[in-house]
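Summary of the model geometry
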Amino acid sequence: MALARPETLSIGEVLEVLSFHGGYNTNAVLAGSAMLGLAAGVVGVFALLRRRSLVADAIGHATLPGIVIAFLVAASMGASGRSLPVLLLGAAVSGVLAVLCIFGILRYTRLREDAAIGIVLGVFFGVGVVLLSYVQRPENVSASPAGLRHFIYGQTAAMRAGDAMLMAGIALSAVIVTAVLFKELALACFNDDYARVAGFPVSVLDGLMLGLVVLVTVAGLQAVGLILVIALLIIPPVAARLWTDRLLPLMLISGGLGALSGYIGAATSALLPRAPAGSVIVLCGGAVFVASLLFAPRHGVVATASRRAIQRLRIAGEHLLEAAHEHEIMRKSEGVIPTRTIRAMERLWGWPVWLGPMVIASLRRQGYLERNSGGYELTSTGSARGARIARNHRLWEQYLQTYADVAPGHVDWSADTVEHVLSPELVAELEAALKAKGVRT
């Protein structure tokens, strides 16, 4: 459902909403959505690392029958069937029951986890849809079921200050539990077998982790609905995973991206007419993921492509230096490598047309190669570098022939690959190992 709907947008109106001056209801929605995103981002890290993403999806779908049953029970007792705490309590009970069903199927049958999740997700959601159609008929239920369908797609605009406080409480609970049990949860995620041997209650930690997932899922029903709530739990940690390999920064980034997605999504929905807030929040999370996929410095597409291009340029340059060194010690053309010889090398190595000029330019810029009449000539630095690479090549060949019994005709490709990554320490170890075997290096 759309939030505030200005007729025209100006920078002042945008800043007004973003700075929490857009009205009481809009501020509550912004704060609640940001808190929900923060909690989902923190808890989602464990769901992702523990490979419980699909379980979280099943929990979201399984809350529907709990919501409808809670409505029916409350209406039959004469209470307000549309009370939010009552409906969320029903959703939580239904979500926990779904988790128990999944683990029961896994324990007592030979079905795989994906099959168990699919069964529980489909059956619970089907029951929920049937119950929802039942309560929609006036002859079946005297109380009005208006608003129950909003739990499927979310109703962020209906969020009030009390709901925002609830989101803040859930976010704070998730952060506290994570901070107190950080080591135990991390160990259960990365090596549960070792955790069991070390005496950690892995089953209890697993249950606690899924309890947090249920808590966040239930809290997110009103904001984004039971179908899209999985996106809040999965997208922020997946996007954060592209930025870092360490767990603590991963959680901080994931929580920050989740809060940012909720805040920007709710603000966008408040500014755009007829934009459903829950879907816009999820789309903002998707935009954050795409931006992370492209520009994250650790595993982003641009950074990865740049590193691979630099590595390819370095390896190609080292191949050229090695070949030039061998050409030099054979005293061909008085040490000058003719241009036609370099072109022949490029064709032999299968280089694309653009790579050769880039490699030569790079080697000249580093002072390894200089232009000479009729071709190129190694500098003293380039000659020493080429000699070192050629020696690494020979050392690795000797090592494979001596220790791995690889035939001499089969070691050249491996040596060509490894010669570029041999550090001085590894070279010293190779020399010592070969010397112990009586091999001259």
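Residues numbered from 1 in each chain as written. Predicted model: local features only at pLDDT ≥ 70, side-chain atom pairs only at ≥ 80, totals over all residues. Heavy atoms only, no water.

Okay, the nonpolar core next. The tendency in soluble globular proteins is for nonpolar side chains to be buried as a group. By size, the foremost hydrophobic cluster in this structure holds 66 residues, and its most contacted members are Val216 and Leu233. With 17 residues, the top contributor of residues to this core is helix H10 (residues 202-241). When near neighbours in sequence (up to four residues on either side) are disregarded, Val216 contacts Leu36, Ala39, Ala40, Val43, Ile170, Val229 and Leu233. Among the nonpolar cores identified, the runner-up in size contains 18 residues, and Leu320, Ile360, Leu363 and Leu369 belong to it. (Core = buried A, V, L, I, M, F, W, Y, C linked by side-chain atoms within 4.5 Å. Buried < 20%, exposed > 50% of the residue type's maximum accessible area, 1.4 Å probe, protein only. Helix = DSSP H or I, 4+ residues; strand = E, 2+ residues; numbered from the N terminus. Contact = heavy atoms within 4.5 Å.)

As a further point, take unusual backbone geometry. Although it is not a glycine, Arg51 sits at a positive phi angle of roughly 60°. When you line up the elements, Arg51 lands in the loop between helix H2 (24-49) and helix H3 (53-76). For Arg51, a relative accessible area of 70% corresponds to the exposed category.

Below, the discussion takes up the sheet that holds strand S3 (residues 375-378). With antiparallel pairing, three strands are arranged side by side in an open sheet as S1-S3-S2. Two strands close off the open sheet at either side, each with one partner strand: strand S1 (337-338) and strand S2 (369-372). When S1 meets S3, the two strands line up antiparallel, connected through two bridges. Looking across to S3, one finds that Pro338 is bridged to Gly375. Sheet strands in contact with helix H13 (residues 301-329) are S1 and S3, and its direction is about 85° off that of S3. (Pairing = 2+ DSSP bridges. Axes fitted to C-alpha atoms, helices over the stretch in contact; angles between N-to-C directions.)

Taking 1.5 Å as the rise per residue, H3 with 24 residues should run 34 Å; its terminal C-alpha atoms sit 36 Å apart, in good agreement. In terms of residue burial, H3 counts as a mostly covered element, since 18 of its 24 residues are buried. Backbone geometry just after H3 places Gly78 at a positive phi near 80°. (Expected span 1.5 Å × (residues − 1).)

This part is about the pairing of S3. Direction of pairing for S2 relative to S3: antiparallel, over a ladder of four bridges. Bridging from a neighbouring strand, Leu369 pairs with Leu378 of S3. The loop that links S2 with its antiparallel partner S3 comprises two residues; one of these, Gly374, has a positive phi angle of about 90°.

Next up on the list: the side chain of Ser261. The residue Ser261 is located in helix H11 (residues 247-271) in this model. Judged by relative accessible area, Ser261 falls into the buried class, the value being 4%. Residues in contact with Ser261, not counting those within four places in the same chain, are Ile281, Cys284, Gly285 and Val288.

Running from N to C, H2 and H10 cross one another at 130°; their axes reach a closest spacing of 5 Å. For the element pair H2 / H10, the angle class is oblique. Note that H2 runs across H10; the crossing there is left-handed. Contact residues: H2 offers Leu36, Ala39, Ala40, Gly41, Val43, Gly44, Val45, Phe46, Ala47 and Leu48, while H10 offers Met209, Leu212, Val213, Val216, Ala219, Gly220, Ala223, Leu232, Leu233, Pro236, Pro237 and Val238. Of the residues contributing to the contact of H2 with H10, the split by class is 19 nonpolar, three polar and no charged. (Parallel < 35°, antiparallel > 145°, perpendicular 65-115°, else oblique. Left-handed = near helix turned anticlockwise from the far one by under 90°. Nonpolar A, V, L, I, M, F, W, Y, C, P; charged D, E, K, R; others polar.)

In this section: the environment of Gly95. In this fold, Gly95 is placed in helix H4 (residues 84-108). Put simply, Gly95 and Leu64 are 31 residues apart on the chain and 8.9 Å apart in space, counted from C-alpha to C-alpha. Not counting residues within four places of it along the chain, the set of residues in contact with Gly95 comprises Ile59, Ala62 and Val214.

This paragraph deals with helix H7 (residues 161-180). When the terminal C-alpha atoms of H7 are compared, their 28 Å separation across 20 residues agrees well with the 28 Å that a helix rising 1.5 Å per residue should span. By the burial criterion, the buried members of H7 are Asp163, Ala164, Met167, Ile170, Ala171, Ala174 and Thr178. Relative to the axis of H7, the buried residues are bounded by an arc of 120° and lie together on one face. Across from the buried face of H7, at angles greater than 90 degrees, the exposed residues are Gly162, Met165, Leu172, Ala179 and Val180. In this fold, the buried residues of H7 make contact with H2, H4, helix H8 (182-190), H10 and H11. (Arc of directions from axis to C-beta.)

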